[in-house]
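Read off the chains here:
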Amino acid sequence: MTDLHLTEKSSRKRYNILAMVFITVVINYLDRSNISVAAFAMKEDIGLSNVQMGYVFSAFGWTYACLQIPGGIIADKFPTRILYSLIMALWSVATLIQGMVSSFAALIGLRASIGVFEAPSYPTNNLVVTKWFPENERASAIAVYTSGQFLGLAFLTPVLVAIQSYFGWRGLFIISGIIGLVWAAIWYFFYRDPKDYKSISKKELEYIEKGGGLIGKNDVKKEERKKFDWNDFKQAFIYRKLWGLYIGQFCLGATTIFFLTWFPTYLVEFRGLDFLKSGFLASIPFLAAFFGVLLSGFTSDYLIKKGYSVEISRKTPIIIGMLLSTCIIGANYTESTFFIILFLAIAFFGNGLASIAWVFISLMAPKKLIGLTGGAFNFIGGLAGIVVPIVIGYLVEDGDFSPALFFIGGIALLGFISYTFIVGKVERIVPKSYQ
């Protein structure tokens, strides 16, 4: 135990890799969110209606969600260094070209293509952390890179607004694309799997491997590899434990999607807040989520190191987080702006606490199918991006937003039930056909 502790203190290459994943997530969300900043000027310039803009916004989500499983399969089958560099370059090119087109159809195609190219990103993020981090550090690592999306959502919008004010909406897309292309090249030149990372010490490699890190391709010998078959696909959907994770991820995504889509409208149209003031207030829940996800990961790993069981250490933050997310309903019972934001911030803080759910894919997915299982997990979570905005649209049609907040709170409660009663014992699934 002492040797492992000393090894941990003397080695830091895995943290360099984690920093790279964090920056990649920030860039990923930069290219998802820039269109919300560009929308008004773009509509005026090209002559798009609100209905057409709705289709442009949704195009990313349809392809992104539907290709999560193929994206996970790809993450399993191709070298991480090459795959991530390639898809990042492709989605960055599509982002850049958005600044050069002037038609509705072209924008739809480009937004959909960004969803295609970003589809393998989160399964790949999880695979990188599974390779580079022992199990007792993995929740913290996942928390750090996941926090990139909340940090981006909280702080990138003012940066994007500043870029557009100087260079216009076309310049915003072009600059965003260039940033992604530069980072794709950096990833290619600097990323390696642990066994191929020349400057990593033998002690750190042993520390990662002894702690459960899959330091090779997928910790599977070359001669044991086989091409994808439909039995692989079946394995991702026949276990109750995995369905518990999938349902939980959909519920987690529902709260996130509310804040990404309807939240500003709720503040301005349904609560009557000034637009500029609402922009400031809207950042508070995102900051709460950012701190929630960091607290969750480091607390979870702390409990593991203190000898608590995996069930207690990993599940506790998620279960508490899901319960806190139900606090969104409290906003229905106050007219005070302070308390409205407080309830929403508590809800999104809870969402942040629950956002380390990817750690369960690392711990429970069949060893040879981590990418595929992660793809299924993210696919079902991504369905929230398609379903939730539409359902809320119908619920608020008569001008009352209360049913929508009950809807989001109810889904969060379902997530609590799923992790508490359906996931069960946290252990690696070993399919009989692979034994």
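These numbers were taken from a predicted model, which means no experiment stands behind them. (Residues numbered from 1 in each chain as written. Predicted model: local features only at pLDDT ≥ 70, side-chain atom pairs only at ≥ 80, totals over all residues. Heavy atoms only, no water.)

1. Here we look at the overall build of the protein
Looking only at helices and strands, the protein has 18 helices and zero strands in total. Scored against the burial criterion, the 435 residues of the protein give a buried share of 55%. A separation threshold of at least 6 residues defines the contact pool for the protein, and within that pool the share at least 24 residues apart is 84%. (Helix = DSSP H or I, 4+ residues; strand = E, 2+ residues; numbered from the N terminus. Buried < 20%, exposed > 50% of the residue type's maximum accessible area, 1.4 Å probe, protein only. Contact = heavy atoms within 4.5 Å.)

2. What to know about the packing of helix α4 (residues 68–77) against helix α17 (residues 370–395)
At a minimum axis separation of 7 Å, α4 and α17 run at an interaxial angle of 160 degrees. By the angle between their axes, α4 is roughly antiparallel relative to α17. In terms of crossing hand, the pair formed by α4 and α17 is right-handed. Taking contact as the criterion, the partners of Gln-68, Ile-69, Gly-72, Ile-73 and Asp-76 in α4 are, on α17, Ile-370, Gly-371, Leu-372, Gly-375, Ala-376, Asn-378 and Phe-379. Looking at the contact of α4 with α17 residue by residue, the classes come out as six nonpolar, five polar and one charged. (Axes fitted to C-alpha atoms, helices over the stretch in contact; angles between N-to-C directions. Parallel < 35°, antiparallel > 145°, perpendicular 65-115°, else oblique. Left-handed = near helix turned anticlockwise from the far one by under 90°. Nonpolar A, V, L, I, M, F, W, Y, C, P; charged D, E, K, R; others polar.)

3. Here we look at the nonpolar core
Core analysis: the largest hydrophobic core is formed by 123 residues, its most contacted members being Trp-132, Tyr-145, Trp-187, Leu-245, Phe-258, Tyr-266 and Tyr-419. With 18 residues, helix α8 (residues 135–190) is the largest single contributor of residues to this core. When neighbours within four sequence positions are excluded, Trp-132 is seen to be in contact with Lys-13, Arg-14, Ile-17, Tyr-191, Arg-192, Asp-193, Pro-194, Tyr-197, Ile-200 and Ile-208. (Core = buried A, V, L, I, M, F, W, Y, C linked by side-chain atoms within 4.5 Å.)

4. As for the packing of aromatic side chains
Taken as a whole and assessed by the stated rule, the structure comprises 22 aromatic pairs. With a centroid separation of 5.6 Å and 80 degrees between ring planes, the pair formed by Tyr-188 and Phe-189 is classed as edge-to-face. On the basis of relative accessible area, Tyr-188 is assigned to the partly exposed category, the value being 33%. Residue classification places Phe-189 among the exposed positions, given a relative accessible area of 58%. Ring geometry for Tyr-266 and Phe-401: centres 4.8 Å apart, planes at 50 degrees, overall tilted. Of the two residues, Tyr-266 is situated in helix α12 (residues 263–270) and Phe-401 in the loop between α17 and α18 (402–422); the sequence distance between them amounts to 135 residues. Taking relative accessible area as the criterion, Tyr-266 reaches 2% and is therefore assigned buried. (Phe/Tyr/Trp six-rings, centres within 6.5 Å; stacked < 30°, edge-to-face > 60°.)

5. Overview of the environment of Trp-62
Relative to the assigned elements, Trp-62 resides in helix α3 (residues 50–66). The spatial distance from the C-alpha of Trp-62 to the C-alpha of Arg-111 is 9.9 Å, given a sequence separation of 49 residues.

6. Brief notes about the side chain of Gln-249
Mapped onto the elements of the fold, Gln-249 is located in helix α11 (residues 240–261). What Gln-249 contacts, discounting residues up to four positions off in sequence, is Ala-357, Trp-358, Phe-377, Asn-378 and Gly-381.

7. Observations concerning the confidence of the model for the protein
Averaged over every residue, the pLDDT of the protein is 82; residues scoring 70 or more account for 89%. Contacts from residues 1–10, a stretch scored under 50 in pLDDT, to residues over four places away or in other chains number ten contacts. Across residues 217–225, confidence stays below pLDDT 50; counting only partners more than four residues off in sequence or on other chains, it has 18 contacts. (pLDDT = per-residue confidence, 0-100.)

8. Observations concerning a nonpolar patch on the surface
Nonpolar side chains collect at one region of the surface, where Leu-323, Leu-413, Leu-414, Ile-417 and Phe-421 lie side by side and expose about 450 Å² of accessible area between them. As for its placement among the helices and strands, Leu-413 is situated in helix α18. (Patch = residues over 30% accessible without salt bridge, like charges linked within 9 Å, V, L, I, M, F, W, Y side chains within 5 Å. Areas by Shrake-Rupley, 256 points an atom, 1.4 Å probe, with all protein chains shown as cover. Salt bridge = Lys/Arg side-chain N within 4 Å of Asp/Glu carboxyl O.)

9. Concerning helix α7 (residues 121–132)
The first and last C-alpha atoms of α7 sit 16 Å apart over twelve residues, in line with the 16 Å expected at 1.5 Å per residue. Within the sequence span of α7, burial applies to Ser-121, Tyr-122, Pro-123, Thr-124, Asn-125, Asn-126, Leu-127, Val-128, Val-129, Thr-130, Lys-131 and Trp-132. (Expected span 1.5 Å × (residues − 1).)

10. Quick word on α18
In a regular helix each residue adds 1.5 Å, so 21 residues correspond to 30 Å; α18 covers 29 Å between its end C-alpha atoms and thus fits that length. All buried positions along α18 are accounted for by Ala-404, Leu-405, Ile-408, Gly-409, Ile-411, Ala-412, Gly-415, Phe-416, Ser-418 and Tyr-419. The buried residues of α18 occupy an angular sector of 165 degrees when projected down its axis, which confines them to one face. The positive-phi residue at the C-terminal boundary of α18 is Gly-424, with phi of around 70 degrees. (Arc of directions from axis to C-beta.)

11. Section: the packing of helix α14 (residues 310–325) against helix α15 (residues 337–353)
The contact between α14 and α15 brings their axes to 7 Å, and the two run at 160 degrees. Judged on the interaxial angle alone, α15 and α14 are roughly antiparallel. As α14 packs across α15, the resulting crossing turns out to be left-handed. Across the interface between the two elements, Pro-317, Ile-318, Ile-320, Gly-321, Met-322, Leu-324 and Ser-325 of α14 pack against Ile-346, Ala-347, Phe-349, Gly-350, Asn-351 and Leu-353 of α15. Its residues placed into classes, the contact of α14 with α15 shows nine nonpolar, four polar and no charged.

12. A closer look at the pattern of salt bridges
Counted by the stated rule, this structure contains six salt bridges. Arg-170 is paired through a salt bridge with Asp-45; the nearest N and O atoms lie 3.9 Å apart. Residue Arg-170 is located in helix α8, and its partner Asp-45 is located in helix α2 (residues 13–46); the two are separated by 125 residues in the primary sequence. Notably, a salt bridge pairs Asp-193 with Lys-131, separated by 3.3 Å at the nearest N-O pair. Here Asp-193, found in the loop between α8 and α9 (202–210), pairs with Lys-131, found in helix α7; they are 62 residues apart in sequence, far enough to count as distant.

13. Points about the environment of Phe-190
One can find Phe-190 in helix α8. By relative accessible area, which is 53% here, Phe-190 ends up exposed. Phe-190 sits 174 residues away from Asn-16 along the chain, and the two C-alpha atoms are 9.9 Å apart. Excluding residues that lie within four positions of it along the chain, Phe-190 makes contacts with Met-20 and Tyr-197.

14. Observations concerning the side chain of Asn-126
Mapped onto the secondary structure, Asn-126 falls in helix α7. Relative accessible area serves as the criterion here: at 0%, Asn-126 is assigned to the buried category. Not counting chain neighbours up to four residues away, the residues in contact with Asn-126 comprise Ile-142, Tyr-145, Trp-358, Ile-361, Ser-362 and Ile-370.

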